[in-house]
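# Breakdown of the fold
Spelled out, the chains give:
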Amino acid sequence: MSTVFVNKFTNGILDPKAEMLGPVKSGGRIVAHTAPGCWGPMLTPELKGGHEVTVPVYVEGAQPGDAVALTIESIVVTSASSTSGTDTAVEGRFNADPYVARVCPSCETQSPSTKVDGIGVDAIVCADCNAPIAPFEVAHGYTMVFDNERTMGLTVGPTVTAALAASAHEVMDIPAESIQNPSVLLNTSDLQGVVTRMRPFLGQLGTTPSIPFPDSHNAGDFGTFLVGAPHEYAISQEDLEHRTDGHMDINKVRAGATLVCPVKVEGAGVYLGDAHAMQSDGEIAGHTTDVAAITVLRVDLIKDLEIDGPVLLQTAEDLPYLAKPLSMDELDKAVAMLQATGVTDEAMLEDSMPIAFVGTGANLNCAIDNAMERASKLLNISFDEVRNRVTISGGIDIGRAPGTVTVTLRVPLEKVTNDELADMIMAKYS
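Residues numbered from 1 in each chain as written. Predicted model: local features only at pLDDT ≥ 70, side-chain atom pairs only at ≥ 80, totals over all residues. Heavy atoms only, no water.

## Focus: the side chain of Ser81
With respect to the element layout, Ser81 can be found in strand β7 (residues 81-89). A polar contact is formed between the side chain of Ser81 and the backbone oxygen of Met144, at a distance of 2.8 Å. Other than its neighbours up to four places away in sequence, Ser81 contacts Thr143, Met144, Val145, Phe146, Leu164, Val171, Met172 and Val184. (Helix = DSSP H or I, 4+ residues; strand = E, 2+ residues; numbered from the N terminus. Polar contact = N/O pair within 3.5 Å; in protein donor to acceptor, adjacent residues only side chain to side chain. Contact = heavy atoms within 4.5 Å.)

## Observations concerning helix α5 (residues 364-379)
Here α5 is 16 residues long and its end C-alpha atoms lie 22 Å apart, about the 22 Å a rise of 1.5 Å per residue gives. Buried within α5 are the following residues: Ala367, Ile368, Asn370, Ala371, Met372, Arg374, Ala375, Ser376, Leu378 and Leu379. Where α5 is buried, its residues touch β18 (311-313), β19 (352-360), α6 (383-393), β20 (394-400), β21 (404-412) and α7 (419-429). Regarding α5, its N-cap is Asn363, as a side-chain oxygen of that residue lies 3.1 Å from the backbone nitrogen of Asn365 further along. A positive phi of about 55° marks Asn380, the residue just after α5. (Expected span 1.5 Å × (residues − 1). Buried < 20%, exposed > 50% of the residue type's maximum accessible area, 1.4 Å probe, protein only.)

## Comments concerning the packing of aromatic side chains
As enumerated under the stated definition, the model contains four aromatic pairs in all. Taking the centre distance of 4.9 Å and the plane angle of 50° together, the rings of Tyr99 and Phe136 count as tilted. With Tyr99 in the loop between β7 and β8 (114-116) and Phe136 in strand β10 (residues 136-146), this residue pair connects regions lying 37 residues apart in the sequence. For the pair Tyr99 and Phe136, a shared accessibility class is recorded, and that class is buried. (Phe/Tyr/Trp six-rings, centres within 6.5 Å; stacked < 30°, edge-to-face > 60°.)

## Side note on the sheet that holds strand β16 (residues 268-276)
Here four strands make up an open sheet; going across it, the order is β3-β5-β16-β13 and the pairing mixed. At either margin of the open sheet sits one strand with a lone partner, and together these are β3 (21-24) and β13 (201-207). The average undirected angle you get between the axes of adjacent strands in this sheet is 25°. As paired strands, β13 and β16 are joined by six bridges and run antiparallel to one another. Within β16, the residue paired with Gly206 across the bridge is Tyr271. (Pairing = 2+ DSSP bridges. Axes fitted to C-alpha atoms, helices over the stretch in contact; angles between N-to-C directions.)

## Digging into the sheet that holds strand β11 (residues 152-155)
Sheet architecture is open: four strands sit in the order β7-β10-β11-β12, paired in antiparallel fashion. Only two strands of the sheet have a single neighbouring strand rather than two, namely β7 and β12 (195-197). Sheet twist, expressed as the average angle between the axes of neighbouring strands with direction ignored, equals 30°. In terms of strand pairing, β11 meets β12 through three bridges, oriented antiparallel. Opposite Leu154, over in β12, you have Val195 as the bridge partner.

## Some thoughts on the environment of Ser178
Mapped onto the elements of the fold, Ser178 is located in the loop between α3 (168-172) and β12. Separated by 143 residues in sequence, Ser178 and Ala35 have C-alpha atoms that sit 6.6 Å apart. Apart from residues lying up to four places away in sequence, Ser178 is in contact with Phe9, Ala35 and Glu52. At 2.7 Å, the side chain of Ser178 forms a polar contact with the side chain of Glu52.

## Let's talk about the layout of surface pockets
By volume, the largest pocket is sized at about 320 Å³. Around the largest pocket, the lining residues are Tyr321, Leu322, Lys324, Pro325, Leu326, Glu330, Leu331, Ala334, Leu349, Glu350, Ser352 and Arg410. By residue number, the principal contributor to the lining of the largest pocket is helix α4 (residues 328-340), which donates three residues. (1 Å grid on protein atoms, 1.4 Å probe; cavity = no way out; pocket = protein on both sides within 12 Å on 5 of 7 lines; lining within 4 Å. Points joined across faces, edges and corners; volume = space filled by probe spheres on them.)

## Comments concerning the pattern of salt bridges
The full count for this structure, using the stated rule, is 20 salt bridges. Between Glu317 and Arg254 there is a salt bridge; the shortest N-O distance is 3.2 Å. Here the residue Glu317 occupies a position in the loop between β18 and α4, and Arg254 occupies one in the loop between β14 (213-214) and β15 (258-262), the gap between them amounting to 63 residues. Measuring nitrogen to oxygen at the nearest pair gives 3.7 Å for the salt bridge that ties Asp329 to Lys333. Residue Asp329 and its partner Lys333 are located together in helix α4, separated by four residues, close to a single helical turn. (Salt bridge = Lys/Arg side-chain N within 4 Å of Asp/Glu carboxyl O.)

What is shown is where atoms sit, not what they do.
In structure tokens:
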């Protein structure tokens, strides 16, 4: 199919053996109405992964060792409001991991279904015994409304939040197939009158890992919570290699960007979700404004591009200052500088373009090393050369604390030996 429409969601687990939608042909599109990410699923114990992402789509011809380039053509926010804030896990309502292994503190049902009786966090109760059951509560939170054009956000006070909470599904535009309890139910207003800009992006975008992963843990930082865990999704340290780093929370994964993702299972299994209305680098609060959104992705299969994690071709506007392609004026100055040294061979000057590598790990230092190791492998240059290039003609940006980054560097295109990827880089930045 040239276009695959998606309105179904997983139960929070990315399972390579689960049935996929599609297939979508290379050059085709995926159109999805995604459900809000963090807080809604965090309030819904029935979801086993901490998020609620789309059922993966099979890409025709994709095999392990290939890659798929996902170009975000548009993201349209459909929610009119969102509630978010810092969180506190509620003891007794989970087994070791409040995102993954939820349990009713009264009847001890695991991953129980819920019902809602009123507003506020305690209005979310176990469907079997009526005990309050949300695994998280807000430590400091806010409710935000958006303008009709979805360009601005404003945090509002308790009178407005109570009215919004009473119609939470409608104001958040929760998709029909979603089972989450909307975050606006929380009715929180610790921040009032804060005005901010919207710049929507996808917190989750990627391909299916080669072993089952809870969706929010498909990354090297959250994934470490699974190592030796006392629940059914426990893994070993070595099993982290099966991840695809689809949970990035990198605010540069927005309209106009292309994310090149590894294929680790037949068909790739492209999934998306966790759209955010805005977020600074780092997502320091741990969460931001989760929204429903309609996203259009173009899917291009790249054969024989074996990468371990995502490669990001961000918009030119988002590039770090030192990583931006050189202008003609700058190149002319470089030629003059070269000639001033007595060298007249202009071929001595690099013809370079930027490329960014996503890295994840238990902390930011580990994530940076992971991204630079991925760059070293793909570009066939030493780790130390990567470090030097990033320092003088690149940049490092925090996607999410504790451990997700992008490492950007300019390199000669001859270092990118896959012709399709090289052509994409040239088309993006030339």
